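Analysis of the macromolecular model
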Amino acid sequence: MTEERPRLSAQELIERLEPSLSSARRVRAVAALLAGLAGVAFVAALWWTEPGPLPSRTHLAFALFFVICLAWTGYGGWLLTRRVPLFATDRVIAAWIGLAASVATTTVVAAVAVQRGTGPGPVLAVGGVFVAAALVLAVRAHARRAALLRRLRELTGGDTGGEKG
């Protein structure tokens, strides 16, 4: 006797293939979460234990680094809670966090260099390399996500279950 099972849609089949994060993505998520938490703790401890009043640009720099670390903490926590295929959304988010962090850090450090009178040239050169690398990663992440969503549309006949490409 053969037991008939209901046929699964392509979307249901895809969801069953990858019901949770792969071990490599889980390791990356834990690394982002721990690095973010460590950064938050380190920056907060350094900021709060300064012996005297700080200049406003130093407060701005501490706040910037604190927010960047919080972003990585939030990203790692969000990624660990995902139980559905992400279609490279995680890569896009990480790329945008990296791009925003590199642009903001380069801007703040260049402003400090100008205030000190040392000139922003070297800062902009090094920061430009980081911004360019982050931009390349963001473009690649968006391209990978678009390719996965195109493939999903091919497999599901156009219905992506609410996913937008």
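Notes on the structure follow. (Residues numbered from 1 in each chain as written. Predicted model: local features only at pLDDT ≥ 70, side-chain atom pairs only at ≥ 80, totals over all residues. Heavy atoms only, no water.)

Right, let's get into the overall build of the protein chain. Within the protein chain one finds 5 helices and 0 strands. Its helices and strands taken in sequence order, the protein chain reads α-α-α-α-α from the N to the C terminus. Taken over 165 residues, the protein chain has a buried fraction of 29%. Within the protein chain, contacts between residues separated by at least 24 positions form 66% of all contacts whose residues are at least 6 apart in sequence. (Helix = DSSP H or I, 4+ residues; strand = E, 2+ residues; numbered from the N terminus. Buried < 20%, exposed > 50% of the residue type's maximum accessible area, 1.4 Å probe, protein only. Contact = heavy atoms within 4.5 Å.)

Moving on to the pattern of salt bridges. What the rule picks out here adds up to 2 salt bridges. Measuring nitrogen to oxygen at the nearest pair gives 3.5 Å for the salt bridge that ties aspartate 90 to arginine 25. With a gap of 65 residues between them, aspartate 90 in helix α4 (residues 89-116) and arginine 25 in helix α2 (residues 23-48) connect regions that are remote in the sequence. The burial state of aspartate 90 is the same as that of arginine 25; both residues are buried. A salt bridge links glutamate 154 to arginine 151; its shortest N-O distance comes to 3.0 Å. In this pair, glutamate 154 and arginine 151 are both assigned in helix α5 (residues 121-156), 3 residues apart and thus about one turn of the helix distant. (Salt bridge = Lys/Arg side-chain N within 4 Å of Asp/Glu carboxyl O.)

Turning our attention to the packing of α4 against α5. Packing of α4 against α5 leaves a shortest axis separation of 8 Å and a crossing angle of 165 degrees. Overall, the two elements α4 and α5 adopt an arrangement that is roughly antiparallel. Considering how the two elements wind past one another, α4 and α5 form a crossing that is left-handed. Residues that form the contact of α4 with α5 fall into these classes: 17 nonpolar, 6 polar and 3 charged. (Axes fitted to C-alpha atoms, helices over the stretch in contact; angles between N-to-C directions. Parallel < 35°, antiparallel > 145°, perpendicular 65-115°, else oblique. Left-handed = near helix turned anticlockwise from the far one by under 90°. Nonpolar A, V, L, I, M, F, W, Y, C, P; charged D, E, K, R; others polar.)

Our next topic: the nonpolar core. If you look at the biggest cluster of nonpolar residues, it comprises 8 residues: Ala29, Ala32, Tyr75, Leu79, Leu80, Leu86, Ala94 and Ile97. When residues of this core are traced back to their parent elements, those giving at least two are α2, α3 (56-81) and α4. No other element matches α3, which puts 3 residues into this core. Of all hydrophobic cores here, the second largest spans 7 residues; its members include Val43, Ala44, Phe62 and Cys69. (Core = buried A, V, L, I, M, F, W, Y, C linked by side-chain atoms within 4.5 Å.)

In contact at an axis separation of 7 Å, α2 and α3 are set at 155 degrees when each is read in the N-to-C sense. What the angle tells us is that α2 and α3 run roughly antiparallel. As α2 runs across α3, the sense of the crossing is left-handed. Split by residue class, the contact of α2 with α3 holds 20 nonpolar, 6 polar and 2 charged.

The grouping of Val30, Leu34 and Leu37 at the surface amounts to a nonpolar patch, some 250 Å² of accessible area in total. Leucine 34 gets classed as exposed once you look at its relative accessible area, which sits at 52%. (Patch = residues over 30% accessible without salt bridge, like charges linked within 9 Å, V, L, I, M, F, W, Y side chains within 5 Å. Areas by Shrake-Rupley, 256 points an atom, 1.4 Å probe, with all protein chains shown as cover.)

Before going further, it helps to spend a moment on α2. Taking 1.5 Å of rise per residue, the 26 residues of α2 would be expected to cover 38 Å, and the 37 Å separating its terminal C-alpha atoms lies within 8% of that figure. Listed in full, the buried residues belonging to α2 are Arg25, Ala29, Ala32, Gly36, Gly39, Val40, Val43 and Ala44. Elements that come into contact with the buried residues of α2 comprise α3 and α4. (Expected span 1.5 Å × (residues − 1).)

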